[in-house]
Every structure is written in structure tokens, then in C-alpha cells.
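Structural description and commentary
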Amino acid sequence: MFELLGVPPQALFGQLLLGLINGAFYAMLSLGLAVIFGMLNVINFTHGAQYMMGAFCAWMLLKFLGLNYWFALILAPIIIGAFGILLERLFLRRLYNLDHLYGLLLTFGLSLIIEGVFRNQFGSTGQPYDNPLPGGQNLGFMFLPYYRAWVVVASLLVCLATWFVIERTRLGAYLRAATENPTLVQAFGINVPRMIMLTYGFGVGLAGLAGVLAAPIYQVSPLMGSNLIIIVFAVVVIGGMGSILGSVITGFALGVVEGLTKVFYPEASSTVIFVIMAIVLLVRPAGLFGQTR
Amino acid sequence: MIRKIGIPLLLALALIAPWVGFYPVFLMKALCFALFACAFNLLIGYVGLLSFGHAMFFGGAAYATAHMVKVWGVPTEIGILGGAAVGAVMGLIVGSVAIRRQGIYFAMVTLALAQMVFFFALQAKFTGGEDGIQAVPRRPLFGLIDISSDINLYYVVLAIFLAAFLLIYRTIHSPFGQVLKAIRENEARAISLGYKVDQYKLMAFVLSAALSGLAGGTKSIVFQLASLTDVQWQMSGEVVLMTLVGGIGTIFGPVVGAFVIVTMQNYLAQIGEWVLVVQGIIFVVIVLAFRRGIVGEIAAYWARFARPARH
């Protein structure tokens, strides 16, 4: 058995893969946050709760309706996105003319409500969700479970598709224009409030999709969102919310860094992202891909 | 008029409260959180910085005081002051990183750094992990005052609270406080007038962190316990909620908010997890309908009542 940097390669590549998977979730969630922030100027604290709801939605579809993972992959994001649109209509819409901080406080309150309800309903222990792609491939230097490979590929595809829609299509051009100057875009006859609503629904749907992808890997638990969202906030600060590709790259990169830390200095693995955030703030306060506004 | 009658009345009420049916432990808990909320309000209300990680100062100081008093055996008063000092040092480090961003980013940065402190507290040896530091002794204050009785300790906590409250009051009404308000209203203008805005922000941040530490240290003497609950993000959320309920940027608002929320938690303790839901609902209702908070709404109503419309 050969060793790499004093670590058996099985452990090294295993943690790298875990890091990539965590990175996939960081990327999808921070992408959703960035898209929402761009249009609504609201930091969506509810994002973690909506990710958790995505996972629970998949679990409930399986348990009560017998719909398997692949149906959930399509249905859950739509359901969670629709729920997001409801929240936007009922609450967020009233805050657009106020200080951004109220949006943060409101979505924080909403996430407390959602999490509290799920904790009362399902307790704090996780529910298992069966792996839809059992088995894997032995690559010689490591064992690659099919499902984990699928998660990384799927999230990359989703991120690239989002980037393509926003940066390369007419719809995306409207969206970017409305981010810059909503009044002017409205004057050209585009329904900006509806666009804002759909953008929020889309961002929330991304969180729901991430939740479905996460369900077979992590336990489906009411607490899965609140722990993740704080790390995603740090990822967003590190990357800056200026660019779509920036948040995707930052998300994956930080997942990998976290995985590597687990191999070489496990004690620091839960704090390494926050340390990186502090360093980035000292060196480049606007974030790696951000512009100061 | 309010000042001449109201303040002596409140003071008298605070002095006789334990004798007229209020539990001293409840009062002390409310006072600790009132102090914590006042310290937090100094930032959000007067500098316009929303910190979503103040639990790190509160909890960090709670651990520091508990450790100093229990393991090192230092006198109680040194332990509490030591807690405040730890809060100040943490405030200096965290503040110098966090003030590099504003608004929403500031909130995210403080939240993330607080989570880092939480993970540190979870893993470090001296914090006792999930158990926390229990059975912190209540040794006589200055070697004289016996604080093992709740009534005596109540008056000590009241004195600490009043001293800190006066300090905050003086800070807000000092030239320093005026500069802070100028930064809140228009940062670019404050810079162009020649104020070193970052230094002012950092000083306010350190002061707020030190007073939060004072609250946390006092709390760990009162409950004889420092635990992970004190550094969790839910604690940061709670102090935001208290300030919001009472009224952001009002002097008495955080005190009122702290008493309201602590009372609510006492009554709702038996419904368990639903407390979170209730807190969330309060957040949503206040943000949507009563952004000025209890004290702010009363003050606005009073202003309309006292000065009838002139137009």
C-alpha cells in the first residue's frame, strides 16, 4: 500500500470526494442566495429551511405517495419553489422599500417558524432515505459510489444551466437589466414584480433541489438546514455575490478545502471555512469575485 | 415629566421587586438579558450595524468567568470583570475583521465568526463540551457580601446592570455617541467631515462586546453554569428579537424587550419546541407591522398626543 503525503490514498480521495459533495451543496445554495440577492436585495435566511424542506418533501413523496427519488427530483423543487413564491407574495413583497436588514430579520423569523414546525412534527432525529443508485465502481485508488458521483455531476449541470440562462439568454438579459435598474426595465413593458417573484421561486427551488439530492446522503432531519446555511453565508462572503460562476467555483473549492482539512488536521475541519473568510476579509474585503458597491 | 416621575418609580420598583412576588432568579435572568440587549442595541440602534453573532461575546465571557471562578479560584468580582475583558478582546479581533463589510455582509460575517467560536467551544477541553461548566461557586463578593442567597445576588446584579446602563446612556449622549449617529445616518458624509469612521465603529463594537461579556459573565454566576446554549446562534437571534420587540434605537426598548421575551419563555417553557415557532412569529409580525417596537411605538404615540398636529 503506497502512501501520499503520509496519508493512505483511500482516505485522501475519500475525503476529497466528500469535500466535492459538500462543495456541490455549497455551490447550489450560494448560487440561489446570489440570484435572490441580485433581484430582491434580500439575504434569504430561510434558504437553509427550504433546503431541509426539499429533503423532507422527497421523503414524504416516497412515504405517503410512493413516488420514488426521480419523481421527487422534479416535483420537490417545484413544490418548494411554489412555497417560496407564496412567501414572497405574502411577506417579502412588503419590505422592498425598507432597509435590507429587515429582509434578513423577516426571513430569519420565517426559518425559525418552519424549523420549529418540522421539529415538532418529526423530532430532531433524522429519517433515513434509501439510496436510489446503490453500488459503485472501484477505481483502483478509491471506491466511487454511483450516487455520490451523480450528485457532483447533477449539481455541476444545474449550476452551469443557471449560469447559461442568466448570462446567455434573453430572459437572463432582462433579469440582469432589472437588477441594475428595475424602473427603467419596467418602463419597457416588462413585468418586473412578477420577475422578482419568479426569481425568488427559482432560487428557493434550487435550495429544494439541493435538499432532494442531499436526502440519500445525509439523514433527513429538521436540523440539516440551519447548520449548513451559516457555512453557506461564509461561502457567499468569501466569493462575493457579484458573479454566478464565482459562487459556483468558490462553493466547490471550499468544499474540497474542507475535505482536505479533514485528512490533514481534522480538529480544524469545522472552522477552516470561517478562518478563510476572515483572511479573505482582511486581504480582499469585497470577496474573491465581488465588486464593491 | 416622564423622566422626573418615571425613572424614580422604575428604580423603586426594581428595589422592591423581589419582595412583592417576583422570583429573584427570574429577575436576575431578565436583567442579564436586558444588559445584553442594551449592549447589542448600542450597535444596531446607534451605529446601524446588525451583528448576528453577539452570542459569541455573551457565551465566550460566560465560559471565561465560569472557568476563572471555578478552576482558577479567582474572586467573583475579578471573574466577572475578566469575562467582560475577554468579551472586549474578542470584540477587538472580530470587530476589526467584521467592520470591513457593511449592512447585510456585516450580519453574515458576524454570524459566521460566531459559529466558529461555537465550534471552538464544542471541541475545546476547558468548556466541558456538551456538559458545559457546571456548579460554578458563588463565593462572597469582595470577601464580604454573601451572594449564595438569591436576594443578595439580585441586588448585586441590579447594581451591575445600572452601572452598565448608565455607561451606555452616557456613551450615547456624549460627543462620541453623536459621531456614531452621524455614521449611522450618512457614513460617506461622516468620512468627508474628517472622522475616522472605522475607528469609531471598532470602538463601539468593542464596547458593545465588552458589555455583552459583562452580561454573560454575570449570567454564569447567577445560574452557576456556562454551556453551549450561550454561544449558539439561537442566542444571537434571541438578543436581536429582544431588541426588536422593545424598539431598536430606543434607550429603554431593549430592557422592555428582554423582560417581555424572558417572561414569555418562562410561561411557554412547557410547550417545548413551539417556543421557536412563537419567536419566529413575533419576528415576522414585528418586522411587518411594528418596526418601531414597543417603546418606539409608545414614544411615537406620545409625541403625537403631546404635540397636536400643527398643519
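To keep things clear, this report deals only with the structure shown in the data block.

On to the interface of chain B and chain A. Counting residues at the interface gives 37 residues for chain B and 45 residues for chain A. On the chain B side of the interface with chain A, the three residues burying the most area are Ile 104, Met 108 and Trp 233 of chain B, jointly 16% of the side's total. Across the chain B-chain A interface, the total number found is 5 residue pairs in polar contact (both at pLDDT 80 or more). For the side of chain B that touches chain A, the elements supplying multiple residues, two or more each, are helix H4 (76–98), helix H5 (103–123), helix H10 (233–246) and helix H12 (274–289) of chain B. It is H5 of chain B that contributes the most residues to the side of chain B that touches chain A, 13 residues altogether.

With that settled, the discussion passes to the pattern of salt bridges. Residue and element names in this part refer to chain B. Overall, the coordinates contain 6 salt bridges over all chains when judged by the stated rule. Residue Lys 219 pairs with Asp 230 through a salt bridge whose shortest N-O separation is 2.7 Å. Of this pair, Lys 219 sits in helix H9 (residues 197–222) while Asp 230 sits in the loop between H9 and H10; the two residues are 11 residues apart in sequence, bridging distant segments of the chain. Summarising the burial analysis for this pair, Lys 219 and Asp 230 share the class buried.

With that out of the way, let us pick up the packing of aromatic side chains. One pass over the full model with this rule turns up 30 aromatic pairs over all chains. Consider the rings of Phe 25 of chain A and Tyr 218 of chain A, whose centres lie 5.9 Å apart with planes at 55 degrees: the pair is tilted. Residue Phe 25 of chain A is found in helix H1 (residues 9–40), and its partner Tyr 218 of chain A is found in the loop between helix H8 (192–214) and helix H9 (224–239); the two are separated by 193 residues along the sequence. The exposure class of Tyr 218 of chain A is partly exposed, given its relative accessible area of 29%. Here Phe 274 of chain A and Phe 119 of chain B contribute two aromatic rings whose centre-to-centre distance is 6.5 Å and whose plane-to-plane angle is 25 degrees, an arrangement assigned as stacked. With Phe 274 of chain A in helix H11 (residues 272–283) and Phe 119 of chain B in helix H5, this residue pair bridges two chains. Residue classification places Phe 274 of chain A among the buried residues on the basis of a relative accessible area of 1%.

About the thresholds
Residues numbered from 1 in each chain as written. Chains lettered and ligands numbered in written order. Predicted model: local features only at pLDDT ≥ 70, side-chain atom pairs only at ≥ 80, totals over all residues. Heavy atoms only, no water. Contact = heavy atoms within 4.5 Å. Buried area = accessible area lost by both parts, 1.4 Å probe. Polar contact = N/O pair within 3.5 Å; in protein donor to acceptor, adjacent residues only side chain to side chain. Helix = DSSP H or I, 4+ residues; strand = E, 2+ residues; numbered from the N terminus. Salt bridge = Lys/Arg side-chain N within 4 Å of Asp/Glu carboxyl O. Buried < 20%, exposed > 50% of the residue type's maximum accessible area, 1.4 Å probe, protein only. Phe/Tyr/Trp six-rings, centres within 6.5 Å; stacked < 30°, edge-to-face > 60°.

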